[in-house]
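Chain by chain, the residues run as shown.
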Amino acid sequence: MLLDIGANLTHESFAPDLDAVLARAQAHGVALMVVTGASGDGSRAAMALARAHPGRLYATAGVHPHHAVDYDDATDALLRELAAQPEVRAVGETGLDYHRNYSPREVQLAVFERQLQVAADLGMPLFLHQRDAHADFVALLRRYRDRVPAAVVHCFTDTREALRDYLALDCHIGITGWICDERRGTHLRELVQDIPANRLMIETDAPYLLPRTVRPLPAHRRNEPMFLRHIAEEIARDRSEPFEALAAHTTATAEAFFGLPSAE
Ligand SMILES: [Zn+2]
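Think of each chain on its own: its residues are numbered from 1, step by step along the sequence as written. With the structure being a predicted model, the display of local features is reserved for residues of pLDDT at least 70 and the display and counting of side-chain atom pairs for 80 or more, all residues being used for whole-chain, interface and lining totals. Note that the side-chain values use all heavy atoms of the structure and ignore hydrogens as well as water.

Re the overall build of the protein chain
Labels follow the DSSP assignment, with helices taken as runs of H or I lasting at least four residues and strands as runs of E lasting at least two, numbered in each case from the N terminus. A count of helices and strands for the protein chain gives nine helices and eight strands. Every radius of gyration here is taken over C-alpha atoms, with the globule rule written as 2.2 Å times N^0.38, N being the number of residues. Since a compact globule built from 264 residues should have a radius of gyration of about 18 Å, the 17 Å found for the protein chain is in line with a globular shape. By its C-alpha atoms, the protein chain is 45 × 40 × 35 Å across when sized along the principal axes. Type-normalised accessible area, obtained with a 1.4 Å probe on protein chains alone, sets the label of each residue: buried when under 20%, exposed when over 50%, and partly exposed for intermediate values. Counting only residues that meet the buried cut, the protein chain has 58% of its 264 residues in that class. Counting contacts in the protein chain only where the partners sit at least 6 residues apart, residues at least 24 apart contribute 73% of the total. Every accessible area reported is derived by Shrake-Rupley at a probe size of 1.4 Å, with residue values counting cover from the shown protein chains alone. For the protein chain, the accessible surface area stands at approximately 10,700 Å², while carbon and sulfur atoms represent 52% of it. Residue contacts are counted whenever heavy atoms from the two residues lie within 4.5 Å of one another.

If you want it as structure tokens, here you go:
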């Protein structure tokens, strides 16, 4: 059985057929999913979705750096309220994204720090996003790292040096279908060999990042949790591990990270 640590199941593309998406995930061995909260409203919706599917879905509560400009005191209070609910297992998605800079960098930095403080105050793990911002990101994270129990750098796509920095901070690493991309993901096939089994987790980031190894490619190009198997197969190959072993340790690592009861 597999555990998808990052699925954006509140995305509008899932509204018409979410029950079928969850049934297909189950049929493909994806027994548990953590629904990413990436905005105030999105986090509220992620918590509600998890509450409606007890034992199958959990949630995070946070504001993505793209939406940092929307973060105000009410958002901060909302995240704290949501994070206290049993369905919510991490603070995030939060971090820095200088690739698109949808929010100004100063705002991203301030809002990232506010969410680091939320996680520190509540003693919760962090679900982190970093793109083209490693130096600022790791500097800020380093200041808070010993005040939070755990932190995962989700959708890791960066360099060997960045990976080394995160592992030195005892972070977990989330790997998506980026690794299945023969145009831009091949460096990850080497780097995943350096991630200790008890720090490695897997995720689809659905509906984004459809693995390019899915055949036939669905016409709509929407990714969904059932495709997590393609990511797990690629990583198992890269690490020269049996698929079952990779499935077992990534699931156990994620259950420990999010404090989840084991699924059957
Ligand atoms: Zn992200």
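Here's the deal with the pattern of salt bridges
Salt bridges are identified by distance alone: a Lys or Arg side-chain nitrogen within 4 Å of an Asp or Glu carboxyl oxygen. Evaluation of the coordinates by the stated rule reveals 21 salt bridges. Between Arg212 and Glu182 there is a salt bridge, with the nearest N and O atoms lying 2.7 Å from each other. Taken as a pair, Arg212 in the loop between strand S8 (200–202) and helix H8 (228–238) and Glu182 in the loop between strand S7 (172–175) and helix H7 (186–191) lie far apart in primary sequence, 30 residues in all. Residue Arg237 pairs with Glu234 through a salt bridge whose shortest N-O separation is 2.9 Å. Placement of both Arg237 and Glu234 in helix H8 is noted, with a separation of three residues, approximately one turn of the helix.

Looking at the sheet that holds strand S6 (residues 151–153)
Being paired, for any two strands, means DSSP has found at least two bridges between them. Ordered by their spatial adjacency, eight strands build an open sheet running S1-S2-S3-S4-S5-S6-S7-S8, and the pairing between neighbours is parallel. Since the sheet does not close on itself, it has two edges, and those belong to strand S1 (2–7) and S8, each with one partner. The sheet shows a mean angle of 30° between the axes of neighbouring strands, taken without regard to direction. Where strand S5 (residues 126–131) lies against S6, three bridges are found, and the strand directions are parallel. Counterpart to Phe127 in the pairing with S6 is Val152. Every angle, taken between N-to-C directions, lies between 0 and 180 degrees, and every axis is a line fitted to C-alpha atoms, over only the stretch in contact when it is a helix. Its contacts with the sheet put helix H1 (residues 18–27) on strand S2 (30–35) and strand S3 (57–61), and the angle it makes with S2 is roughly 130°. Packing of helix H4 (residues 105–122) onto the sheet brings it into contact with strand S4 (88–97) and S5, and relative to S4 it is tilted by some 160°.

Observations concerning helix H9 (residues 243–258)
Under the convention used throughout, the expected extent of a helix is 1.5 Å for every residue step, that is, one less than its residue count. Here H9 is 16 residues long and its end C-alpha atoms lie 22 Å apart, about the 22 Å a rise of 1.5 Å per residue gives. Along H9, the positions that sit buried rather than exposed are Phe243, Leu246, Ala247, His249, Thr250, Thr251, Thr253, Ala254, Glu255, Phe257 and Phe258. Immediately beyond the C-terminal end of H9, within one or two residues, lies Gly259, with a positive phi of roughly 65°.

Considerations on the pairing of S2
For S2, a buried count of six out of six residues is recorded, marking the element as mostly surrounded by other parts of the structure. Summarising the sheet, S1 and S2 pair through four bridges and their orientation is parallel. Across the sheet, residue Leu3 finds its bridge partner in S2, namely Leu32. Following the chain from S1 across H1 to the adjacent parallel S2, one finds a crossover that is right-handed. Handedness of a crossover is defined as follows: orient the strands so they point away from the viewer, and if the path from the first strand over the helix to the second runs clockwise, the crossover is right-handed.

As for the packing of aromatic side chains
Centres within 6.5 Å are what make two rings of Phe, Tyr or Trp a pair, Trp counting through its six-membered ring; a difference in plane orientation under 30 degrees is then read as stacked, over 60 as edge-to-face, and the rest as tilted. All told, the structure shown has four aromatic pairs when counted by the stated rule. For the pair Phe137 and Tyr166, a centre-to-centre distance of 5.7 Å together with 80° between the ring planes defines the contact as edge-to-face. Placement of the pair is Phe137 in helix H5 (residues 134–144) and Tyr166 in helix H6 (residues 160–168), with a sequence separation of 29 residues. Using a relative accessible area of 0% as the deciding quantity, one classes Tyr166 as buried. A ring pair is formed by Phe156 and Tyr166, whose centres lie 6.1 Å apart and whose planes are at 90°; its orientation type is edge-to-face. Of this pair, Phe156 sits in the loop between S6 and H6 while Tyr166 sits in helix H6, placing them ten residues apart in sequence. Both residues of the pair, Phe156 and Tyr166, count as buried. These aromatic residues form a ring-pair network of at least three members: Phe112, Phe137, Phe156 and Tyr166.

In short, shape yes, function no, at least from these values alone.
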